[in-house]
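Reading the structure
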Amino acid sequence: MDQPLPVRYAVQDGVAVLTLDNPPVNGLGYAVRNGLVQGVDRANADAAVKAIVIAGAGKAFSGGADIREFNSPKALAEPNLQTVIRTVEASAKPVIAAISGACMGGGLELALGCHFRVAVAGAQIALPEVKLGILPGAGGTQRLPRVLGVETALNMIVSGNPVPSEKLKGTPLFDEFLEGELVAGAIAFAQKVVKEGRPLKKVRDIKIDYPNADGFFQFSRNTIRAVAKNFPAPLKCVDAVAAAVSKPFEEGLAYERSLFVELVQTPESKSLRHAFFGERAASKISDASEATPTRNIAKVAVIGAGTMGGGISMNFLNAGIPVTVLETGQEALDRGVGIIRKNYEGSLKKGKLTPEKLDQRMGLLKTALDYAAIADADLVIEAVFEDMGVKEKVFRKLDEVMKPGAILATNTSTLDVNKIASFTKRPQDVVGMHFFSPANVMKLLEVVRGSQTATDVLATVMKAAKAIKKTAVVSGVCDGFIGNRMMEHYVRQALFLLEEGATPWQVDRALEKFGWAMGIFRVSDLAGNDVGWAIRKRRYVEKPELAYSRIADRLCEQGRFGQKTGKGWYLYEPGRRDAIPDPAVAAMIEAYRKEIGVTPRKISDEEIVERCGYALVNEGARILEEGIAQRASDIDMVYLTGYGFPLHRGGPMFHADTVGLYNVVRAMQRYAAMPRGDKAFWAPAPLIAKLAAEGKTFN
Ligand SMILES: NC(=O)c1ccc[n+]([C@@H]2O[C@H](COP(=O)([O-])OP(=O)(O)OC[C@H]3O[C@@H](n4cnc5c(N)ncnc54)[C@H](O)[C@@H]3O)[C@@H](O)[C@H]2O)c1
């Protein structure tokens, strides 16, 4: 059987049409690039052909590089994209790009190498490379400013965001804006070019006239530096565009290439690419495939209209899926619905939502006090009090009333999902959906797979997660799942650091300098110190062998629960969230050290960051060994999307890989050997020890 050609060749009325056919977005993989060069050569060799049109099959022109070939030799194999563009540009017969749908990255660079471009409305024009920590490497930074002007082009290259084609109508990017069928229009345009004997235009020949370029680029650098923070690529984009103005074309091209090669090697770009692929990998379940059937989710019910229930409901309303919330009393329902409405009104005031959308979303929301009203929901998510007795009542009732095949989910943070499933006669339909607060904002969703959860239930929930725009990560059942289980050890180290000589504000500053969104003591004050206290009290009984600093208990004994009480590790002024270091806390810590006989020592920021970070990594390794997480990148996605781990470092496991597991193990041994070192804590998990010995990595 013939394989479908990645570039189809057909001649119509003297015009060769090269159709890129590489679903889903006509990525410029090796076979496509090869097909393009062959097609251009063939058309030039055929006397009957007068012009060439390049178009995309399906909706897109081309979404750019084929991500399936990333990190493989095929990505760079000749003909590479530069060669393809040079071939197109050098064609003796006019080449016309027919642009619709996605025209991004390498796809846009290819179009810019054509002599003419025609487009329809609704195409998405972008150079999104910066989002992967690189810049366009096949002339995009040199050609786009020549057709769109320096400012528009720089904006697009630095942000990576798509611009709809109609917004760029009238610029030299497009020679004609078409209505009606694109390829037919492009062929007609090509014939016109031939008939009128129009000279072949090359974008490279356009002169950029930009007075006071230096001043503009200096201003841009200052603005962008502040926003780009830990990422080098945006500033390099400015350098590349500046070269388009100051250097001859070929030199600019070479300079762009050198910046590209430099950026590809940076840890920041590697981290962004890791997160990009990690997000895709996380949605895959090891024992399911695209062919695994999923159940239809057209109606959702949420039990409990509290903090989590409200936020969870909003996710589905935003996606256009009707939700019924069930509560124990009318007052609780009114309060819950009121908060949802207030949230939407807040978005309305900020201009992020239209009044129509607000009405539409609120119109999808129903309330109920009786389970009969939710019996036909396809998915029900329980978000009642964190108490096994309450959960038991709810799940027994759900088992009784819900239609067969309904998915029964729990949002529990700490309770055993298998136990919850056992309250029903359909444990295969029970699953955990662990949202993070605020649930309408936070990207992360841990999907907890019980020992009996059916594969199609899991696949359905992963699909639903995508519909509500969450990053879903599968976790097995264990105390704390992936995220909180690791966090506990991070917190344990942070508390030991206080005992040994650090202050809460020193720890927080060091973690924030490393890139964490917020230091752990500020986080704790925000979440409520009483939450951790309750967990520790349980641990003292369940796992007395685990070493814990009692310093946080002292804080809680004084009622310092954090922001909600105006005092925690820090002081808070009424109505403000600024964390103010409190001498009383420093004195309390000092007194505690005396009590346990510790002479404080000076602790470096490096030690703080390593001890907290490697505590996460060691537990992450155990989570992998036990099969709680499917892959190391899933753990990284949990930390990037739910816990504020710095994106430019790619997640705790990826960061450990970057440091080198050998070095991580050596650091653990060093911390174990310190006078107050906890040898049990720092015993490397067998997986780390093994990988380090073999010179391997997690990812
Ligand atoms: N708050 C968080 O940060 C967070 C994060 C993730 C998961 N969770 C989990 O989500 C669940 C809910 O937490 P929350 O913070 O929203 O609590 P909450 O106290 O704000 O809300 C619980 C709601 O459930 C209602 N409720 C209690 N029993 C009920 C019953 N039998 N039937 C119907 N409604 C009932 C209550 O009236 C209340 O409105 C808990 O399991 C919690 O562990 C909380």
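All of the points below concern the structure found in this document. Being a predicted model, the structure only gives us computed values, none of them experimental.

1. What about the packing of helix α24 (residues 605-625) against helix α27 (residues 661-672)?
- Two elements in contact, α24 and α27, have axes whose closest approach is 10 Å; the angle formed by their N-to-C orientations is 110 degrees. In terms of orientation, α24 and α27 fall into the roughly perpendicular class. Regarding α24 and α27, the two cross each other, and that crossing is left-handed. Where α24 abuts α27, its residues Glu606, Glu607, Glu610, Arg611, Tyr614 and Asn618 lie against Val664, Ala667, Met668, Arg670 and Tyr671.
- Tallied by class, residues from the contact of α24 with α27 come to 5 nonpolar, 1 polar and 5 charged.

2. Some details on the pairing of strand β1 (residues 7-12)
- Across 6 bridges, β1 lies against strand β2 (residues 15-20) in antiparallel orientation. Each residue of the ladder has a partner; that of Ala10, found in β2, is Val17.
- Connecting β1 to the next strand, β2, in antiparallel fashion are 2 residues, including Asp13 with a positive phi near 50 degrees.

3. Here's the deal with unusual backbone geometry
- Backbone torsion omega between Pro23 and Pro24 reads 5 degrees, so that peptide bond is classified as cis.
- Residue position: Pro24 is located in the loop between β2 and α1 (30-45).
- Each neighbour pair has its own omega, and for Glu78 with Pro79 the value is 0 degrees, a cis peptide bond.
- Phi at Asn26 takes a positive value of approximately 55 degrees, unusual for a residue other than glycine.
- One can find Asn26 in the loop between β2 and α1.
- Positive phi, close to 45 degrees, is recorded for Lys229, a residue that is not glycine.
- Its location among the elements puts Lys229 in the loop between α8 (213-228) and α9 (233-246).
- On the basis of relative accessibility, which here comes to 68%, the residue Lys229 falls in the exposed class.

4. What about the site of the ligand?
- Taken together, 22 residues form the shell around the ligand, and within it Met308, Glu327, Glu386, Lys391 and Asn411 come nearest.
- One of the backbone N or O atoms of Thr307 is found 3.0 Å from an oxygen atom in the ligand.
- Contact between the ligand and Glu386: an oxygen atom at 2.5 Å from a side-chain N or O atom of the residue.
- Calculation on the ligand without its partners gives an accessible area of 830 Å², and the protein chains cover 77% of this total.
- Elements that contribute at least two residues to the shell around the ligand include exactly α12 (307-318), α15 (388-401) and β15 (430-435).

5. Some words on the nonpolar core
- Of all hydrophobic cores here, the largest spans 71 residues; its most connected members are Ile482, Val507, Trp516, Phe521, Trp569, Tyr639 and Phe698.
- Per element, the largest residue contribution to this core is 10 residues, and it comes from α24.
- If sequence neighbours within four positions are ignored, Trp516 has contacts with Tyr490, Leu511, Leu616, Tyr639, Tyr643, Gly644, Phe645 and Pro646.
- Grouped together as the second largest cluster of nonpolar side chains are 67 residues, Ala16, Leu135, Ala153 and Ala213 included.

6. Quick look at the sheet that holds β1
- Read from one edge of the open sheet, 6 strands run β1-β2-β3-β4-β6-β9, paired in mixed fashion. If you trace the sheet from one side to the other, it starts and ends with β1 and β9 (176-178), each paired once. Neighbouring strand axes in the sheet, compared pairwise and without regard to direction, differ in orientation by 25 degrees on average.
- Pairing analysis gives 4 bridges linking strand β4 (residues 95-99) to strand β6 (residues 116-120), with the strands arranged parallel. Paired with Ala97 across the two strands is Arg117, which belongs to β6.
- Each of β1, β2, β3 (51-56), β4, β6 and β9 touches helix α7 (residues 182-195); the most contacted strand, β6, lies at about 150 degrees to it.

7. Considerations on the sheet that holds strand β16 (residues 444-449)
- Within the open sheet, the 8 strands sit side by side as β12-β11-β10-β13-β14-β15-β16-β17. Their pairing is mixed. The sheet terminates laterally at β12 (365-368) and β17 (471-476), the two strands that pair on one side only. Across the sheet, the mean angle separating the axes of adjacent strands is 25 degrees when strand polarity is ignored.
- Relative to strand β14 (residues 407-410), strand β13 (residues 379-382) runs parallel, the two being bridged by 4 bridges. Residue pairing in the sheet places Glu382 in a bridge with Thr410 of β14.
- Along the sheet, helix α13 (residues 330-349) makes contact with β11 (323-326) and β12, crossing β12 at roughly 165 degrees.

8. Structural notes on the environment of Leu495
- With respect to the element layout, Leu495 can be found in helix α18 (residues 483-500).
- Judged by relative accessible area, Leu495 falls into the buried class, the value being 3%.
- In this structure the C-alpha to C-alpha distance between Leu495 and Glu610, which are 115 residues apart in sequence, comes to 14 Å.
- Setting aside its immediate chain neighbours within four residues, Leu495 contacts Phe521, Ser549, Ile551, Ala552 and Trp569.

9. Some remarks on the pattern of salt bridges
- Per the counting criterion, the structure on display carries 48 salt bridges.
- Put simply, Glu262 and Lys236 hold a salt bridge, and the shortest N to O gap is 3.2 Å. With a gap of 26 residues between them, Glu262 in helix α10 (residues 249-264) and Lys236 in helix α9 connect regions that are remote in the sequence.
- Residue classification places Glu262 among the partly exposed positions, given a relative accessible area of 40%.
- Overall, Lys236 belongs to the partly exposed group, its relative accessible area being 21%.

10. Points about the packing of aromatic side chains
- Applying the stated criterion to the full structure yields 18 aromatic pairs.
- Consider the rings of Phe116 and Phe189, whose centres lie 5.7 Å apart with planes at 70 degrees: the pair is edge-to-face. On the criterion of sequence distance, the pair formed by Phe116 in strand β6 and Phe189 in helix α7 is long-range, its members being 73 residues apart. The pair Phe116 / Phe189 is uniform in exposure class, with both members buried.
- Ring geometry for Trp516 versus Tyr639: centroids 6.4 Å apart, planes at 85 degrees, classification edge-to-face. Placement of the pair is Trp516 in the loop between α19 (504-514) and α20 (520-527) and Tyr639 in helix α25 (residues 632-642), with a sequence separation of 123 residues. Across the pair, Tyr639 and Trp516 agree in class, each one buried.
- Here the aromatic cluster, defined as three or more aromatic residues joined through ring pairs, consists of Phe436, Tyr490, Phe514, Trp516, Tyr639, Tyr643 and Phe645.
- Sitting over the face of the ring of Phe276, Arg280 holds its NZ or CZ atom 3.9 Å from the ring centroid.
- The lysine or arginine in question, Arg550, covers the ring of Tyr540, its NZ or CZ lying 3.7 Å from the ring centre.

Cut-offs and rules
Residues numbered from 1 in each chain as written. Predicted model: local features only at pLDDT ≥ 70, side-chain atom pairs only at ≥ 80, totals over all residues. Heavy atoms only, no water. Axes fitted to C-alpha atoms, helices over the stretch in contact; angles between N-to-C directions. Helix = DSSP H or I, 4+ residues; strand = E, 2+ residues; numbered from the N terminus. Parallel < 35°, antiparallel > 145°, perpendicular 65-115°, else oblique. Left-handed = near helix turned anticlockwise from the far one by under 90°. Contact = heavy atoms within 4.5 Å. Nonpolar A, V, L, I, M, F, W, Y, C, P; charged D, E, K, R; others polar. Pairing = 2+ DSSP bridges. Buried < 20%, exposed > 50% of the residue type's maximum accessible area, 1.4 Å probe, protein only. Near = heavy atom within 4 Å. Polar contact = N/O pair within 3.5 Å; in protein donor to acceptor, adjacent residues only side chain to side chain. Areas by Shrake-Rupley, 256 points an atom, 1.4 Å probe, with all protein chains shown as cover. Core = buried A, V, L, I, M, F, W, Y, C linked by side-chain atoms within 4.5 Å. Salt bridge = Lys/Arg side-chain N within 4 Å of Asp/Glu carboxyl O. Phe/Tyr/Trp six-rings, centres within 6.5 Å; stacked < 30°, edge-to-face > 60°. Lys NZ or Arg CZ within 6 Å of the ring centre and 35° of its normal.

In short, shape yes, function no, at least from these values alone.
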